[in-house]
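Listed below are the residues making up each chain.
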Amino acid sequence: MGGEPLWWEDAVVYEVYPRSFADSDGDGVGDLNGVRSRVTYLAELGVDAIWLTPFYPSPLADGGYDVSDYCAVDPLLGSLDDFDNLVKDAAGHGIGVIVDIVPNHCSVEHPLFQAALAARPGSTARDRFVFRPGNGDGSLPPNNWQSIFGGPAWTRVPDGQWYLHLFDSSQPDWNWHHDDVPGFFADVLRFWLDRGAAGLRIDVANSLFKDPELPDIPAGSRLHAPSPHHHRPELHGLYPSWRAILDSYPGGRTAIGEVWYDVPETLTPYLGSGGLPQVFNFQLLQAAWDATALRTAIDTAQAITDGSRAPWVIGNHDVPRPVTRFGVRQARAAALLQLALPGSAYLYQGEELGLPEVTDMPDEARRDPKFRRTAGLIPGRDGCRVPIPWSAASVTAPSWLPQPAGWGEYSVDRQAADPSSFLNLYRQALRLRRANPALGTGTLRWLDGPPGTLTFAREPGFVFAANLSEDTLPLPPHGTALLASGPIPNGTLPPHTAAWLATR
Ligand code: NOJ
């Protein structure tokens, strides 16, 4: 990669879950004007872009990932004018807006699915989705595929046919082998790029195409391995056409694919030069808090690509919060690790506040279809989607997912006033990252350190050190300590602490 990096190659992107970010009209649901009202907060935090998860009209069976109109804003969240104004305000602070595209499935309420239901079996309208007769006397699903949210991936309609839904029954899968579907989505991409989206996040980017024969999946197959509905070769015919659309706009627009994998080698075909600009790198999110495991996770990713094509993440709206997965000290250190690795990084709202997963949410408050489809066996993802506590006083206000009573202590107003808060750690880290030429794109070189440590150099003149052991250890040789995730008394690195050091 020669020359100046493209903006997205070293960008810090902040994921906004709009319903849970900021509520401008006091109805208990966050909205686009709420995001607008916090653009200054995001600028002070120091992010380069925000990724908005779906804000489209939706019956909300899956938090908006059940889209009934791809080119509009849910009236509960605002209007297209609000979106345009958000793009404008954010641009005024040098912040881009990334829009979430959901091409694998829509909502049962989407007009084209309604048309499919109204049409006869075998019609063009039906063929835009994956309808099939059942097995046996027709009362059994066409194959053994399971919904990722639990239960069969098929639902029967009154005339006896079944439709495929890899997620909830309210999210029918599009048939990407149908001629209409690629053109429909090319128009959706252009719609948001025309409105100034700096990039697109592609939901379930690994599953659009299904083997038309719909064969059974052998028992015991790994969840994210290539299969009749995961990682099909047809995807790599589609994505170059999306890349051409992105490249036809000025300013270097990106698209980042959500591609889940069991082994990172699965990402390789997505990373061809004409494919999607980026895919998520879930290595830190899947690794345990253990020096060997993390080093292996980082090396495995780096052997395939770097963080400019595969940004680092430690959390998102689908997984338990880092503070709860790793521990509080550990999550602070993980933040410094993530932000020191080469390339781009995606933060999820609330990580900068050290919000924990809410594990004791009452069943009746839960909204995630995973909870319902597994009869409560899997608690689901509501615990990481609880609205942001902006002020200690606002925590008692009703919100669509309830905030626990003690959340005032995590609030932005409390943390802004506390120099040692999570928020100020993130603010300092992002400020240093912007200013330090060693951070962002580039390479890393591992340095020797005691067992249980992660130590690497970035050029020019930067050293990262983390102590994941239970012993206090000496800091590696350095000139200045730039930042640490906790106190580093007398040149030592206490357990579960990370430091950013300058060699001079
Ligand atoms: C991935 C999204 O991140 C998740 O929230 C959603 O439930 C599924 N895709 C289905 O759209």
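Quick caveat: nothing in here was measured; it's all calculated off a predicted structure.

This paragraph deals with the layout of surface pockets. There is about 570 Å³ of room inside the largest pocket. As for the largest pocket, its lining consists of 25 residues, and the residues nearest its centre are Ile148, Phe167, Trp260, Lys370 and Arg381. Taken together, the residues of the lining of the largest pocket break down into nine nonpolar, eight polar and eight charged. Of the pockets and cavities examined, the second largest pocket occupies roughly 340 Å³.

On to the site of the ligand, then. Around the ligand, the surrounding shell holds 13 residues, and the nearest of these are Asp62, His105, Asp203, His317 and Asp318. Arginine 201 places a polar side-chain atom, nitrogen or oxygen, 3.1 Å from an oxygen atom of the ligand. In this structure, aspartate 318 approaches the ligand through a side-chain N or O atom, which is 2.5 Å from an oxygen atom. Cavity membership is defined here by more than half of the atoms lying within 2 Å of grid points; on that basis the ligand lies in the largest pocket. Class assignment of the residues belonging to the shell around the ligand gives a composition of four nonpolar, two polar and seven charged.

In spatial order, the strands read 9-8-7-3-2-1-11-10; together these eight strands make up an open sheet with parallel pairing. Because the sheet does not close on itself, it has two edges, and the strands there are strand 9 (278-279) and strand 10 (312-313). Pairing of strand 2 (residues 49-52) with strand 3 (residues 96-101), which is carried by four bridges, proceeds in the parallel orientation. Paired with isoleucine 50 across the strands is valine 97, a residue of strand 3. Contacts from helix 6 (residues 180-194) reach strand 3 and strand 7 (199-202), with the element oriented near 160° to strand 3.

The next thing to look at is the domain arrangement of the protein. Split into domains, the protein comes out as domain 1 (7-106 + 179-430), domain 2 (111-164) and domain 3 (443-502). For domain 1 versus domain 2, the separation of C-alpha centres amounts to 30 Å. In this complex, domain 1 contributes 20 residues to the contact, which on the side of domain 2 involves 19 residues. Carbon and sulfur atoms make up 63% of the area that domain 1 and domain 2 hide from each other, which totals about 1500 Å². Its salt-bridge partner being aspartate 180, residue arginine 128 comes within 2.8 Å of it at the nearest N-O pair.

For the rest of this paragraph, the subject is the packing of aromatic side chains. Between two aromatic rings, the relevant description is the distance of the centres plus the angle of the planes. Considering all chains together, one arrives at 37 aromatic pairs under this definition. Both rings, one in tryptophan 51 and one in phenylalanine 280, keep their centres 5.5 Å apart while their planes meet at 40°; by these two values the pair is tilted. One end of the pair, tryptophan 51, is in strand 2; the other, phenylalanine 280, is in the loop between strand 9 and helix 8 (283-286), and 229 residues separate them in sequence. Taken together, a centroid distance of 6.4 Å and an interplanar angle of 50° make the contact between tyrosine 70 and tryptophan 174 tilted. Of this pair, tyrosine 70 sits in the loop between strand 2 and helix 3 (80-92) while tryptophan 174 sits in the loop between strand 6 (162-164) and helix 6, placing them 104 residues apart in sequence. For tryptophan 174, a relative accessible area of 1% translates into the label buried.

With that out of the way, let us pick up the pairing of strand 13 (residues 453-458). Taken across its six residues, strand 13 has six buried, putting it largely inside the fold. Where burial is concerned, the two faces of strand 13 agree: the one with Thr453, Thr455 and Ala457 and the one with Leu454, Phe456 and Arg458 are both buried. Between strand 12 (residues 445-446) and strand 13, which pair antiparallel in sequence order, lie six residues; one of them, glycine 452, sits at a positive phi of approximately 85°. Two strands pair when backbone bridges link them, and strand 13 and strand 14 (residues 462-467) are joined in this way by six bridges, in the antiparallel orientation. Directly across from arginine 458, in strand 14, lies its bridge partner phenylalanine 462. Between strand 13 and strand 14, which pair antiparallel in sequence order, lie three residues; one of them, glycine 461, sits at a positive phi of approximately 70°.

Before going further, it helps to spend a moment on the sheet that holds strand 14. With antiparallel pairing, five strands are arranged side by side in an open sheet as 12-13-14-18-16. On the outer flanks of this sheet lie strand 12 and strand 16 (480-484), each paired with one strand and no other. The sheet contact formed by strand 12 and strand 13 spans two bridges and is antiparallel. Across the sheet, tryptophan 446 pairs through a bridge with phenylalanine 456, a residue of strand 13. Where helix 11 (residues 328-340) meets the sheet, it contacts strand 13, strand 14, strand 16 and strand 18 (497-502), and its direction lies at approximately 35° from that of strand 18.

The subject of this paragraph is helix 3. Here helix 3 contains 13 residues, and its C-alpha end-to-end distance of 18 Å stays within 8% of the 18 Å for a straight helix at 1.5 Å per residue. Within helix 3, burial applies to Asp82, Phe83, Leu86, Val87 and Ala90. Viewed end-on, helix 3 has its buried residues packed into an arc of 140°, placing them on one side of the element. Among the exposed residues of helix 3, those pointing more than 90 degrees away from its buried face are Asp81, Lys88 and Gly92. Structurally, helix 3 contributes buried residues whose contacts are with helix 1 (32-37), helix 2 (39-45), strand 2, strand 3 and helix 6. Once helix 3 ends, the next one or two residues include glycine 94, with phi positive near 70°.

One can find arginine 38 in the loop between helix 1 and helix 2. What makes arginine 38 partly exposed here is its relative accessible area of 29%. Linking arginine 38 and alanine 22, residues 16 residues apart in sequence, is a C-alpha distance of 7.5 Å. Residues within four places of arginine 38 in sequence aside, it is in contact with Phe21, Ala22 and Trp390.

Conventions adopted
Residues numbered from 1 in each chain as written. Predicted model: local features only at pLDDT ≥ 70, side-chain atom pairs only at ≥ 80, totals over all residues. Heavy atoms only, no water. 1 Å grid on protein atoms, 1.4 Å probe; cavity = no way out; pocket = protein on both sides within 12 Å on 5 of 7 lines; lining within 4 Å. Points joined across faces, edges and corners; volume = space filled by probe spheres on them. Nonpolar A, V, L, I, M, F, W, Y, C, P; charged D, E, K, R; others polar. Near = heavy atom within 4 Å. Polar contact = N/O pair within 3.5 Å; in protein donor to acceptor, adjacent residues only side chain to side chain. Sits in = over half its atoms within 2 Å of the grid points. Pairing = 2+ DSSP bridges. Helix = DSSP H or I, 4+ residues; strand = E, 2+ residues; numbered from the N terminus. Contact = heavy atoms within 4.5 Å. Axes fitted to C-alpha atoms, helices over the stretch in contact; angles between N-to-C directions. Domains from an automatic or database assignment. Buried area = accessible area lost by both parts, 1.4 Å probe. Salt bridge = Lys/Arg side-chain N within 4 Å of Asp/Glu carboxyl O. Phe/Tyr/Trp six-rings, centres within 6.5 Å; stacked < 30°, edge-to-face > 60°. Buried < 20%, exposed > 50% of the residue type's maximum accessible area, 1.4 Å probe, protein only. Expected span 1.5 Å × (residues − 1). Arc of directions from axis to C-beta.

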